[in-house]
Amino acid sequence: MQFTAQELSLMLNGTVEGDPLVAVNQLAKIEEANAGSLSFLANPKYEQYLYTTNASVVIINKDQVLSEPIKTTLIRVENAYSAFSLLLEKYNTIKLNKSGIEQHCYIHSSAQIGENVYVGAFAYIGPNVKIGNNCKIYPHTYIADDVVIGNNVTFFPGVKIYFDSIIGNNVIIHSGTIIGADGFGFAPASDGTYTKISQIGNVIIEDDVEIGSNTTIDRATMGSTIIRKGVKLDNLIQVAHNVEIGANTVIAAQTGVSGSAKIGENCIIGGQAGIVGHINIAKGSQIQAKSGISRSIVIEGKKWAGAPAVSYNDNMRSQVVINRLPELEKKIIELEKIITELRKGH
Amino acid sequence: MQFTAQELSLMLNGTVEGDPLVAVNQLAKIEEANAGSLSFLANPKYEQYLYTTNASVVIINKDQVLSEPIKTTLIRVENAYSAFSLLLEKYNTIKLNKSGIEQHCYIHSSAQIGENVYVGAFAYIGPNVKIGNNCKIYPHTYIADDVVIGNNVTFFPGVKIYFDSIIGNNVIIHSGTIIGADGFGFAPASDGTYTKISQIGNVIIEDDVEIGSNTTIDRATMGSTIIRKGVKLDNLIQVAHNVEIGANTVIAAQTGVSGSAKIGENCIIGGQAGIVGHINIAKGSQIQAKSGISRSIVIEGKKWAGAPAVSYNDNMRSQVVINRLPELEKKIIELEKIITELRKGH
Amino acid sequence: MQFTAQELSLMLNGTVEGDPLVAVNQLAKIEEANAGSLSFLANPKYEQYLYTTNASVVIINKDQVLSEPIKTTLIRVENAYSAFSLLLEKYNTIKLNKSGIEQHCYIHSSAQIGENVYVGAFAYIGPNVKIGNNCKIYPHTYIADDVVIGNNVTFFPGVKIYFDSIIGNNVIIHSGTIIGADGFGFAPASDGTYTKISQIGNVIIEDDVEIGSNTTIDRATMGSTIIRKGVKLDNLIQVAHNVEIGANTVIAAQTGVSGSAKIGENCIIGGQAGIVGHINIAKGSQIQAKSGISRSIVIEGKKWAGAPAVSYNDNMRSQVVINRLPELEKKIIELEKIITELRKGH
């Protein structure tokens, strides 16, 4: 894909300064851009890059004042950041512009598939599955019996959806993620063995959710594991049976949420954190990476850290002292000696 | 699937109180049930739900005494919990009742497949593979050369089994789990590069093992990585080369076991724990979530916590003091001042 | 596969002592070997096994002196360890000796595939993909548009490579690993929702890299996520967008590297470690398992531990005191009492 400054300017409703015929074929950060690249400057802090960049074209804000001579072609727009984001999106749309039903996929005769749906080769769509419009089902995806999927949903290659799952609109799930496998439920017997507890609930994923790659979300024992509207989950996250994650909560990679935990709305949870089962996390909670949350968080909107977690500030204060512990211990031993002498003196 | 109270009562060898013709089509917890649901009451603690539930039918113990008027239909049985579990199992059996060889699967001419085996579309069964009776090989499963599989085994979609693996009877492996990939073995060379050490051992999984989704179990360098009878592994667990996990040990999600570690029987290991290589864990050990086990555990049946782990009680005691460290440090500084004054006084 | 001592000796340029016609069909450690096994002795420390082993054939160093009578057949070679490694490699080469294009794979008409390439059934090779010579693309692998792959590359079953990725020579990627899924980038809006930031960069994997199973490496927002020459990554590792991992760095399982972190060359990073975003790790750093690296490491070649991490030695010292904290607290309380009494005495 190649575009001239003139063409881009038209798309973005901007004005060109410099050569309108110069062409670009890739997008790059202003400080890393080569000839043939399109870049942007939104933050005035980085103005100096404008005079040194190798980008062929740079998008800038309408009101950007130039303080040095310039060698690159400029496109002035209302908001450089938004304009560039728009181009990123268009680029992605072109790259992901798959359509049609590829040969060698399996679609059960009872499945209902909406309009303008891409089904890749080797995708498997089981009995009674319902898929809305404008969905993209990439190769090697498996969708089991009775799954219901909304509109504008993308499953990247290798996503596996177990039976009875319900997926909302505008959901994106990346490769290797498993939705609806059995929860980890076993009843101990007196001889030390375990008996499986059948997991007959399902998983519900509401609208506007995005889930990264190789994440696992288990079905409920009974009822539903629920991922609410607007949740964003990163890669390699574990969500156990009967968990509920509140709207617009964001969770970073490799975090684990144990069975029946309920996480509120608008929480931000760092990577490699762990949340024990059957607790509630108040809405707006911010949990640091690697934290271990071992009991319910009741107060909303606070920061937590450590394992077991305490308030972020308390954790910071303790952490500082931990690093001084060897000195502190020495000090105590010295004090003991002095006191022993003092007592002798009495 | 829809059943009347009468039909269910016959299945469960029970007696109906109320409308024998009322029909149910789903299973639910008594406190969450809607009209059309079947539920149960086993624990007398929750008796009050019996009078408020919206379930159409509730299974109760034969000897349950009613203290208030009731609007739902009851089925009285010997043991309400067992009866309900039986129905859960039946439900699951119907849901997972796949059979036959679907088109577009790959079965090598030298593979031997038992009776009543389901092979899903796009499943791959390689040369010399042996599969027992009543197995379910879901779509997108890969079974490499010379793998041997027992009876009543289920591989959910996308399981990958590398060559030479041996899988026992009644094993369940969930989607995305990888059995027998190369162990992580490299010999450092003097120029800073690493040379791969060929990993020619295998993985042995004994009877009655269940493994969650996206877990990884590496093949041994030589010999076998062994998962003993009755082990239950959750999702996203790492089991390195030459590890042995003892019978009926249960491990929660995201835990990692390093190379050549030997874990005893009947251990319970929490999520996100880590076990270093070449150590032994005594049977019956209970390891808290997020623990780091850095040396062998010799005494059987004890609880451990922390990273590096110490006894659970010691860890709890230290943890309490850690949260008081800032005050403790202040106290020490005050004591120092006082002592300095006292000494001056002398 | 079965070989006589004579045949093996010829391959290894050795000399036989004992029965040249005895046959072996498997490789085993000397202490675990059964009849029919081939083993080796390189480390004189284990000499006693030579006299007790059940191996049918043992490879030993040319100059190994025997101090007891022996029942097994020996092959004497220049270097027993190297000779045995060579056999391991040959064994593996035979086991992994796949070739040809299997039926039921999808190769886009615009894809270019080199000589002597294996493409397994149900593999998917998209538009404009370029694959070099001697590659092995196992079943269920997905290679998206415009991916470029070098020579001697192996993708085990179920690897997924998103569009625009660039893979060097001699790269091995194990099952279930996802290369190039979207980075975790979202812009918060004022109403608490998040807007996706398009991720249009790619992933570059240089020569001689090996990656374990179910690992995830995200594409860059812009520019590239880069895995340099000779890097070895274990299973279930998370590598976020715009990360760079230096040449010959080795990372153990379940470690996570956050966005835009730059890790130097020849680092050794243990399992379940976490590295925060936008920091640099100096070359030659050694990071203990479960560490949390929260700021840049500037000094090269040092050991780090703890979360947040400090120098390995400092961490060890603090850790020792942590386990003594309850006693230490008692001591402080006693000191306080004594001092109060001493003051009264004044």
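Please read all numbers here as calculations on a predicted model, not as lab measurements.

Cut-offs used in this document
- Residues numbered from 1 in each chain as written.
- Chains lettered and ligands numbered in written order.
- Predicted model: local features only at pLDDT ≥ 70, side-chain atom pairs only at ≥ 80, totals over all residues.
- Heavy atoms only, no water.
- Pairing = 2+ DSSP bridges.
- Helix = DSSP H or I, 4+ residues; strand = E, 2+ residues; numbered from the N terminus.
- Least-squares fit on C-alpha atoms with pLDDT ≥ 70 in both.
- Contact = heavy atoms within 4.5 Å.
- Buried area = accessible area lost by both parts, 1.4 Å probe.
- Salt bridge = Lys/Arg side-chain N within 4 Å of Asp/Glu carboxyl O.
- Polar contact = N/O pair within 3.5 Å; in protein donor to acceptor, adjacent residues only side chain to side chain.
- Nonpolar A, V, L, I, M, F, W, Y, C, P; charged D, E, K, R; others polar.

### Digging into the pairing of strand β23 (residues 202-205) of chain B
As defined by bridge partners, strand β18 (residues 166-167) of chain B adjoins β23 of chain B across two bridges and the pair is classed as parallel. Residue pairing across strands places I167 of chain B opposite I205 of chain B, the latter belonging to β23 of chain B.

### So, the relation of the copies chain A and chain B
Note on the identical chains: chain A maps onto chain B by a rotation of 120° and an axial translation of 0.1 Å, with an RMSD of 0.2 Å. On this basis, the relationship between the two copies can be described by a three-fold rotation axis.

### Some words on the side chain of R76 of chain C
In this structure, R76 of chain C sits in strand β7 (residues 73-77). When near neighbours in sequence (up to four residues on either side) are disregarded, R76 of chain C contacts G14, T15, E17, I60, N61, K62, D63, Q64 and L66 of chain C.

### A closer look at the interface of chain A and chain B
Tallying the contact residues gives 64 residues for chain A and 57 residues for chain B. The contact between chain A and chain B buries some 5000 Å² in all, and 64% of this surface belongs to carbon and sulfur atoms. Considering only the surface of chain A that becomes buried against chain B, F184, Y194 and M222 of chain A emerge as the three largest contributors, covering 14% of it. Between the two partners, chain A and chain B, sit six salt bridges. A salt bridge links R324 of chain A to E329 of chain B, with the nearest nitrogen and oxygen atoms 2.8 Å apart. Where chain A meets chain B, there are 25 residue pairs in polar contact (both at pLDDT 80 or more). With eight residues, helix α5 (residues 325-345) of chain A is the single largest residue contributor to the side of chain A that touches chain B. In terms of residue class, the side of chain A that touches chain B is built from 31 nonpolar, 22 polar and eleven charged.

### So, the pattern of salt bridges
Evaluation of the coordinates by the stated rule reveals 39 salt bridges over all chains. E17 of chain B is the partner of R76 of chain B in a salt bridge, and the nearest nitrogen-oxygen pair spans 2.3 Å. One end of the pair, R76 of chain B, is in strand β7 (residues 73-77); the other, E17 of chain B, is in strand β2 (residues 15-17), with 59 residues separating them in the sequence. Members of the salt-bridge network, linked through shared partners, are K95 of chain A together with D146 and D164 of chain C.

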